[in-house]
Amino acid sequence: MSMPKKAPEISTEEGALEALRPQRFEDYIGQTKIKTNLQLIIDAAKGRGEACDHLLFYGQAGLGKTTLAYIIGREMNVNVRSTSGPAIEKAGDMAALLSNLEANEVLFIDEIHRLNKLAEEILYPALESRKLHLIVGKGPSARTFTLDLPPITVIGATTKVNMLSAPLRSRFGATFRLEYYQHEDIERIIARSAKILGVAITPEAARALARASRFTPRIANRLLKRARDYAQVYKKRSIDDEVVKATLDMLEIDDLGLDETDRELLRIIVSKFNGGPVGLKTLAAALNEDMETIEEVYEPFLMKLGLLNRTSLGRMATPLAYEHLGLQRDKKLI
Ligand code: ADE
């Protein structure tokens, strides 16, 4: 008796997001300039029969850094081994990772800015001259061994490129900054993902979901899945405007994609600091949120929407922020 065919593994949250990841450049929507550049680098490396150059991606979370690394592996026809800065605790961990790679393989290091100094120092000569310098033993009896590595590609990803040391940054053959996606690209990503998930969505609903997606594919796909849940439970045949509205209401996300913390941040600047300027530290204390999260997660999005300005004196709410919150300037909440 033959076993039933296994259904594609898309039942878990991460599994589903995985299934939505484009596998090839031709399926990857947006970041056009980066794709063109990468395709050229890959074609040239393949033409020479060499490993692809080391690459560094930076930009906000969810914009596709990991996806690109896996696409590069697939286009180069090689394995991608994945790790992250904080997972590499000791120099020996880095040495073990590097020495286990086979010719032309890709080592993807996420959050590369969190690599510790000792691991970073093992990485330098590996990136530059394919050498692994190992120190065996301690004190006066310590010995240094040098191993040759096969040609490999290291792809680093970070949300904080300024936290990478200059020597490390300079060892990548090319650095790419992933930008927020265009609204139309997010709409296309939602349409593609809906097809993969087997759920119908109206063009208006795709537009409304895209608007609330913070210009970020990962968020677009998450919202789409929540809308799909809603449509399923309430027996709707497709995701329409009404389903999107109800889904966003439930998640307390407004039509611009602001969540409760975004709104609270703006409200605090307006009501407690009269619209600003207010320093990051003061704002973080008032919002009870850490400075880093404010700076890296909330502010870039609010600035992109034109709701917040960073000035030399501090953060300021823009007239658009007042309008969006339904507030008047120089007045408290109405
Ligand atoms: N899913 C997540 N990111 C994507 C992208 N850039 N293109 C297509 N589908 C995606």
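Residues numbered from 1 in each chain as written. Predicted model: local features only at pLDDT ≥ 70, side-chain atom pairs only at ≥ 80, totals over all residues. Heavy atoms only, no water.

(A) Up close: the nonpolar core. Formed by 76 residues in total, the largest nonpolar core has its most connected members in Leu-38, Ile-72, Ile-239 and Leu-265. When residues of this core are assigned to their parent elements, the largest contribution, 6 residues, is made by helix α9 (residues 217-233). Aside from chain neighbours lying at most four places away, what touches Leu-265 is Leu-283, Leu-287, Ile-294, Tyr-298, Leu-302 and Leu-308. Of all hydrophobic cores here, the second largest spans 24 residues; its members include Ile-109, Leu-123, Leu-132 and Val-154. (Core = buried A, V, L, I, M, F, W, Y, C linked by side-chain atoms within 4.5 Å. Buried < 20%, exposed > 50% of the residue type's maximum accessible area, 1.4 Å probe, protein only. Helix = DSSP H or I, 4+ residues; strand = E, 2+ residues; numbered from the N terminus. Contact = heavy atoms within 4.5 Å.)

(B) A look at the pattern of salt bridges. On inspection of all chains with the given rule, the structure shows 26 salt bridges. Ionic pairing is found between Arg-24 and Glu-75, a salt bridge with its closest N-O pair at 3.6 Å. On the criterion of sequence distance, the pair formed by Arg-24 in the loop between α1 (13-20) and α2 (32-48) and Glu-75 in helix α3 (residues 65-76) is long-range, its members being 51 residues apart. Judged by its relative accessible area of 31%, Arg-24 falls in the partly exposed class. Of the residues examined, Glu-75 reaches a relative accessible area of 16% and is grouped as buried. A salt bridge links Arg-310 to Glu-299, with the nearest nitrogen and oxygen atoms 2.7 Å apart. Here the residue Arg-310 occupies a position in strand β8 (residues 308-311), and Glu-299 occupies one in helix α13 (residues 291-304), the gap between them amounting to 11 residues. For Arg-310, a relative accessible area of 36% puts it in the partly exposed group. Members of the salt-bridge network, linked through shared partners, are Asp-254, Glu-260, Arg-263, Glu-264 and Arg-267. (Salt bridge = Lys/Arg side-chain N within 4 Å of Asp/Glu carboxyl O.)

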